[in-house]
Each structure stands twice: as C-alpha cells, then as structure tokens.
Amino acid sequence: MTPEEVHELVSRWAKELGVYPKRVRFQKMRHKWASASSKGTLTFSVDILELPYEVVEYIVVHELIHIKVGSPRHNRLFRALLSSYIPDWQALQRELISYSSPGGVQE
Ligand SMILES: [Zn+2]
C-alpha cells in the first residue's frame, strides 16, 4: 500500500464520517500504529503501509472516529460508531494485534 492510497482512504472516510482532519502525516512510531491529535492531525506509522488493505481501513476509521467524538477514549459512543461503520472491527483489531503490533492501535 502507498501513502497516496492511505490519503485516499482518509478522504473517503472523512467525508463519510463528516470530519475534516487538518493534516495527515507519516512517521516512524515506536509504540503505535497511528494517533489523532485533538487539533485534527492524523499521524500514521510508516509500518501500516505493510498491512493488508482492510486492516489499514480499520485504522483510518478508528482514528477519524477519535476526531469525530473529540476524545482519545474507547468509550461506549466510540465503540458504537465504530460498529456502525465497520461491523467486523473486532476481528480486524485482533488481526492487527497479530502483526507483532508495536502496541496496538490505542489512540
Ligand atoms: Zn483508539
């Protein structure tokens, strides 16, 4: 997968979710696959480019929902939204953990 393809996933899902991340960047991350800042910056680990498409899509939607709810928590609202957009997210989360995750997708 290329960074351009990730950008494309972000644009498509941002529209779907009605959120507008201000910035999307890639960098080496030691303990996470991705993070979303309260100011709307999405940061992805360069390592996600090695993951299967549907897993990357899950990571993208996960981070965009953090921006949508304005919180880094995985509370009931967060999980309900995630389930409504990616019904099988729990399987994808397990798959993600199996890729010798640097710490899971926490934020
Ligand atoms: Zn999270």
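Look up: the structure comes first, before these words.
Rules used throughout
Residues numbered from 1 in each chain as written. Predicted model: local features only at pLDDT ≥ 70, side-chain atom pairs only at ≥ 80, totals over all residues. Heavy atoms only, no water. Salt bridge = Lys/Arg side-chain N within 4 Å of Asp/Glu carboxyl O. Helix = DSSP H or I, 4+ residues; strand = E, 2+ residues; numbered from the N terminus. Buried < 20%, exposed > 50% of the residue type's maximum accessible area, 1.4 Å probe, protein only. Donors = N, O, S within 2.8 Å, 3.2 Å for Na, K, Ca; no water. Core = buried A, V, L, I, M, F, W, Y, C linked by side-chain atoms within 4.5 Å. Contact = heavy atoms within 4.5 Å.

> What am I meant to see in the pattern of salt bridges here?
Oppositely charged side chains can pair when the atoms bearing their charge come close. Using the criterion set out here, one finds 1 salt bridge in the structure. With its nearest N and O atoms 3.9 Å apart, the salt bridge here joins Arg12 to Glu57. Remark: Glu57 occurs in helix α2 (residues 53-69) and Arg12 occurs in helix α1 (residues 3-17); sequence separation between them is 45 residues. The buried category is assigned to Glu57, whose relative accessible area is 16%.

> What is the right way to look at the coordination of the zinc ion in this model?
Metal coordination angles have textbook ideals: 109.5 degrees for a tetrahedral set of four donors and 90 or 180 degrees for an octahedral set of six. Taken together, His62 (NE2), His66 (NE2) and His74 (NE2) make up the protein donors of the zinc ion, found 2.0 to 2.1 Å from the metal. Binding-site remark: the zinc ion is held by donors from one chain whose sequence spacing is H-x3-H-x7-H. In this pair, His62 and His66 both sit in helix α2, 4 residues apart, roughly one turn of the helix. With relative accessibility at 4%, the residue His66 sits in the buried group.

> Looking at this structure, I do not really get the nonpolar core. What am I missing?
It is characteristic of soluble globular proteins that their nonpolar side chains tend to be buried jointly. Phe44, Ile59 and Val60 are the most contacted members of the largest nonpolar core, which has 29 residues in total. Only α1, β3 (41-45), α2, α3 (76-85) and α4 (89-98) provide two or more residues apiece to this core. A per-element tally of this core places α2 first, with 8 residues. If we skip the residues at most four places from it in the chain, Val60 touches Val6, Leu9, Val10, Trp13 and Phe44.

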